[in-house]
Amino acid sequence: MGASESAIINVNFNRSNAFYYGGEKLTGNISFQNIQNKLKIEEIHLELIGELGYPTQQIRWRRDTNGRSHKESYTDCHRVTFLKVPVSTVRSVHVKKKLTLHGRSYSIPFELSLPDCLPPTLISSSPEHPYVKYYTRLMFDKPWSSLDAIPTYSLIICPRVNLFHMGNAEAPVGFTNHNRKKIKLNGSILRGGILPGQNLSIQLDLTNPKRRQIKRIEATFIQHRQIANIRDQQIIFNCNLPGIYQFQEPILKQVFDLSLPTTYLPPTYEFTTTDSNSSLGIFIHYELILVVKTIGIFCDFQVSVPVMVGTESLSNRPQQQQFSDQFSTPAIIASSLDQNCSPPSYEMAMQNELNNFEYVK
């Protein structure tokens, strides 16, 4: 990405998938090629930004072409920065002097320890839906760039949520309901907590004494998110339980395994931040809804079961580390660090680069 006509600049992270757990170190380098023979700068540094967004419906008055006032509603999209961490890279130690970069390529390392308790990235298809996002941006003195041209790089950040630290995650969660035709659905989710890529196992005990026709049983797994007072939901998967089509047997006892996607799935989480002396909450939770579709008017019925989603458990931490390493998302920036050997230390690399600079008035 070009910073100006004077230099070509990129930010490279140590992970090409730009996925990080809270508490991990975010490392990489700022690489740039100086097009001019000499380029004078005061400072280059990186900022990590955490931002949440949510919409509210507002009313305003408008005048039409005849001068008459009328009310109209509009959506006001709020953006709140809850995290801003500067990462110092290069700056002149002399107040009245600048660094001179001679015509060549430079690679400046950076390192940042992420806080443990950051809320997970919540991707939204529209700014009119609640979201949480993280990105880094380069900051440098003029005349390199105006604020409108600051290059930004998106990150996926997720807290570590261990199922063993969540109450009853290993215990079954029962449910029951019936309709007026005496069709009764009992059952349980065999474990109340689950990890991405695992099976959500459902044990059903259905009784249908009058042999009414059951067209199907639909299963929908939903993510609920709330930012401030704005609620939103996303369907993670929706399917019909296999083998149940125009079912008229008196009894059904079976275990069904439904697979969660292996891609990024924000864990069950609660987080509170402060904006203008008011608290803003971020809440994420999940539920499984089973809908029994039957013949007849007002005969359909459903059950709703809460499900906890984590990122790891004590019994399979190596598997979750592999998930972190193989997390699949379009690469924001391809890393230029050698993945097979350790990069040089931050101090050593910085000293090597600064040895190539000279100070000028």
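Residues numbered from 1 in each chain as written. Predicted model: local features only at pLDDT ≥ 70, side-chain atom pairs only at ≥ 80, totals over all residues. Heavy atoms only, no water.

- As recorded by an unreviewed UniProt entry, the protein carries the name Arrestin C-terminal-like domain-containing protein and is attributed to Rotaria magnacalcarata.
- The UniProt entry for the protein carries this comment under Sequence similarities (unreviewed entry): "Belongs to the arrestin family." (UniProt positions renumbered as here; feature names shortened; annotations may be inferred.)

## Quick look at the side chain of Ser 188
- Positionally, Ser 188 belongs in strand E12 (residues 184-189).
- When near neighbours in sequence (up to four residues on either side) are disregarded, Ser 188 contacts Pro 172, Val 173, Gly 174, Phe 175, Ser 201, Ile 202 and Gln 203. (Helix = DSSP H or I, 4+ residues; strand = E, 2+ residues; numbered from the N terminus. Contact = heavy atoms within 4.5 Å.)

## A few points about unusual backbone geometry
- Located in the positive-phi region is Ala 18, a residue other than glycine, with phi close to 60°.
- Relative to the helices and strands, Ala 18 is located in the loop between strand E1 (7-13) and strand E2 (19-21).
- Positive phi outside glycine occurs at Phe 298, with the angle close to 60°.
- As for its placement among the helices and strands, Phe 298 is situated in the loop between strand E19 (278-294) and strand E20 (301-309).
- Assessed through its relative accessible area of 76%, Phe 298 is described here as exposed. (Buried < 20%, exposed > 50% of the residue type's maximum accessible area, 1.4 Å probe, protein only.)

## A closer look at the packing of aromatic side chains
- The full count for this structure, using the stated rule, is 8 aromatic pairs.
- With a centroid separation of 5.1 Å and an interplanar angle of 80°, the aromatic rings of Phe 19 and Tyr 21 are classed as edge-to-face. Each member of the pair, Phe 19 as well as Tyr 21, is classed as buried.
- Taken together, a centroid distance of 6.0 Å and an interplanar angle of 65° make the contact between Phe 19 and Tyr 264 edge-to-face. With a gap of 245 residues between them, Phe 19 in strand E2 and Tyr 264 in the loop between strand E17 (251-259) and strand E18 (269-275) connect regions that are remote in the sequence.
- Given the relative accessible area of 0%, Phe 19 is considered buried.
- Of the aromatic side chains, those joined through ring pairs into one cluster are Phe 13, Phe 110 and Tyr 153. (Phe/Tyr/Trp six-rings, centres within 6.5 Å; stacked < 30°, edge-to-face > 60°.)

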